[in-house]
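Examination of the molecular architecture
Here is how the chains run, residue by residue.
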Amino acid sequence: MNKKQAILNLGLSAVAILATDTCVKAYVEKSLKESEKIELLNRNLTIIKHHNKGLPMNAFDKHQKKVALVSLIALILESFYAGNSLSKKGSLLSSVAHGLIIGGAISNTSDRILRGYVVDYLSFKKSKAIYNISDFAIILGAVLAAIEECRDN
């Protein structure tokens, strides 16, 4: 795959995650009250409006500006790493992996900067954590990037 195709795949992946998560967050913010629940899949999945002011599980929620700064720095570093990685390899897996990470990071970082919190809305029955689509995109992207790195070595 050439560099232009790799960058296009990265961009499309990032935009897909960013657009999807932004739309769902807007719906949740508009339609649900704080901590209001919609139970799905026999109560195994819950949609719940939650404002996360820190890192996962509200860690460091008293340091919102520092958390936003760290998020922004991580996004910038990942963007540079992705650009460097794609200029060397340019594989479909690598470009999609970095696109998922960057799209999710842009969504959550922009929430932290513009709102002062991240809108989370997905919870599973046996978990106390509340997630959003960007969280899953970042995790999936990291796993795919790790697989790509292992494949190359």
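These notes cover the structure that comes with them. (Residues numbered from 1 in each chain as written. Predicted model: local features only at pLDDT ≥ 70, side-chain atom pairs only at ≥ 80, totals over all residues. Heavy atoms only, no water.)

1. A short note on the packing of helix 1 (residues 3–31) against helix 3 (residues 92–114)
Close contact between helix 1 and helix 3 brings their axes to 7 Å; oriented N to C, the two are set at 35 degrees. Handedness of the helix 1/helix 3 crossing: right-handed. Among the residues forming the contact of helix 1 with helix 3, the class breakdown is ten nonpolar, ten polar and three charged. (Axes fitted to C-alpha atoms, helices over the stretch in contact; angles between N-to-C directions. Helix = DSSP H or I, 4+ residues; strand = E, 2+ residues; numbered from the N terminus. Left-handed = near helix turned anticlockwise from the far one by under 90°. Nonpolar A, V, L, I, M, F, W, Y, C, P; charged D, E, K, R; others polar.)

2. Description of helix 1
Given a rise of 1.5 Å per residue, 29 residues ought to cover 42 Å, and the 42 Å separating the end C-alpha atoms of helix 1 matches this to within 8%. Listed as buried for helix 1 are A6, N9, L10, S13, A14, I17, D21, K25, V28 and E29. Its side-chain oxygen placed 3.1 Å from the backbone nitrogen of K4, N2 serves as the N-cap of helix 1. (Expected span 1.5 Å × (residues − 1). Buried < 20%, exposed > 50% of the residue type's maximum accessible area, 1.4 Å probe, protein only. Polar contact = N/O pair within 3.5 Å; in protein donor to acceptor, adjacent residues only side chain to side chain.)

3. Examining the nonpolar core
Core analysis: the biggest nonpolar cluster contains eight residues, these being A6, L10, A14, L75, A82, L86, I102 and A105. Of all the elements in the fold, those that place two or more residues in this core are helix 1, helix 2 (64–88) and helix 3. In contact with A82, other than residues within four places in its own chain, are L10, H98 and I102. Counting residues in each nonpolar core, the second largest holds seven residues, with L32, L45, Y117 and Y121 among its members. (Core = buried A, V, L, I, M, F, W, Y, C linked by side-chain atoms within 4.5 Å. Contact = heavy atoms within 4.5 Å.)

4. Brief notes about unusual backbone geometry
Of note, S35 is a non-glycine position whose phi angle comes to about 70 degrees, a positive value. Structurally, S35 is set in the loop between helix 1 and strand 1 (37–40).

5. Regarding the pairing of strand 1
Pairing of strand 1 with strand 2 (residues 45–52), which is carried by four bridges, proceeds in the antiparallel orientation. Bridge pairing in strand 2 places L40 opposite L45. Between strand 1 and strand 2, which pair antiparallel one after the other, the connecting turn spans four residues, and L41 there sits at a positive phi close to 50 degrees. (Pairing = 2+ DSSP bridges.)

6. A short note on the pattern of salt bridges
In this structure the tally under the stated criterion is six salt bridges. The partner of E39 in a salt bridge is R43, and the shortest N-O contact between them spans 3.0 Å. Close ionic contact of R115 with D111 constitutes a salt bridge, the shortest N to O distance being 2.8 Å. (Salt bridge = Lys/Arg side-chain N within 4 Å of Asp/Glu carboxyl O.)

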